[in-house]
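The chain contents come next:
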Amino acid sequence: MPDEEVKPNLNEASTQDAQLAAESIASGEEKAPTVDFDKDYATAQQFSVSEVDRTSKGGAAAQAATAPKYQTSKPEETKTQTQSTGNPDDFLELAKEVGNSQTQGATNVTDDLVQQALEKGERKN
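**A few points about the overall build of the protein**
Phase 1: Of the regular secondary structure elements, the protein holds five helices and two strands.
Phase 2: Counting from the amino terminus, the protein carries its helices and strands in the arrangement β-α-β-α-α-α-α.
Phase 3: Expressed as a percentage of the 125 residues in the protein, the buried residues total 5%.
Phase 4: Taking all contacts inside the protein whose residues are at least 6 apart in sequence as the whole, residues at least 24 apart take part in 57%.

**So, the side chain of Ser24**
Phase 1: Within the secondary structure layout, Ser24 lies in helix H1 (residues 16–27).
Phase 2: Ser24 sits in the buried class, given a relative accessible area of 9%.
Phase 3: Leave out the neighbours within four places in its chain, and Ser24 touches Glu29 and Glu30.

**Structural notes on the confidence of the model for the protein**
Detailed reading of the predicted model is not advised wherever pLDDT is low.
Phase 1: Scored by pLDDT, the protein comes out at a mean of 79, with 90% of its residues at no less than 70.
Phase 2: For the protein, helix H4 (residues 92–99) is the element with the lowest average pLDDT, namely 71, and helix H2 (residues 37–47) is the one with the highest, namely 88.

**A few points about a nonpolar patch on the surface**
Phase 1: A cluster of nonpolar side chains, namely Val109, Val114 and Leu118, defines an oily patch on the protein surface of about 270 Å² accessible area.
Phase 2: With respect to the helices, strands and loops of the structure, Val109 is situated in the loop between H4 and helix H5 (111–124).
Phase 3: Residue Val109 is classed as exposed on the basis of its relative accessible area of 64%.

**Overview of the side chain of Lys120**
Phase 1: With respect to the secondary-structure elements, Lys120 resides in helix H5.
Phase 2: A relative accessible area of 13% means that Lys120 is categorised as buried.
Phase 3: Contacts of Lys120, omitting those with residues within four sequence positions, involve Glu93, Leu94 and Glu97.

Rules behind the numbers
Within any chain, residue numbers begin from 1 and follow the written order of that chain's sequence. For a predicted model such as this one, the threshold for reporting local features is a pLDDT of at least 70, and the threshold for listing and counting side-chain atom pairs is 80 or more; totals across whole chains, interfaces and linings nevertheless cover every residue. The basis for every side-chain value is the complete set of heavy atoms in the structure, and neither hydrogens nor water enter the calculation. In DSSP terms, a helix is any run of H or I states spanning at least four residues, a strand is any run of E spanning at least two, and both are numbered starting from the N terminus. Per-residue accessibility, obtained with a 1.4 Å probe over protein chains only, is compared with the maximum for each type, and a residue is labelled buried under 20%, exposed over 50%, and partly exposed between these values. Residues count as neighbours in contact if any of their non-hydrogen atoms are within 4.5 Å of one another. Across the chain, each position has a pLDDT score giving the predictor's confidence in that residue, from 0 to 100. Patches draw on residues past 30% relative accessible area with no salt bridge. Two like charges within 9 Å are joined, as are two nonpolar side chains (Val, Leu, Ile, Met, Phe, Trp, Tyr) within 5 Å. Note on areas: Shrake-Rupley with a 1.4 Å probe; residue coverage comes only from the protein chains shown. A side-chain nitrogen of Lys or Arg and a carboxyl oxygen of Asp or Glu constitute a salt bridge if their distance falls within 4 Å.

In structure tokens:
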């Protein structure tokens, strides 16, 4: 991509320094800067990788820096089997409670609510 000339806009100058620079370029007192995007991009690529990353020590340093500090246990896979009763009356009372709530079904789950649900599930089996 060839060099492109920067054309400042006086109306878009965000600071007084930018406005003064735009005015002096517009009046011809200063030459407008040029930008070579390809050259700038190539230069930026050189800075995007550090010197240590270009050696074999870089991989080891990266692995050491990102290694976990604490050991975690592996989760155990559990299988849950539910038995459908096919009886809609099982949850009719709970559905009535949710339907009449002031929050339209959005509620906070409390320990009491969980215990109540567990007890309802045990009574039906």
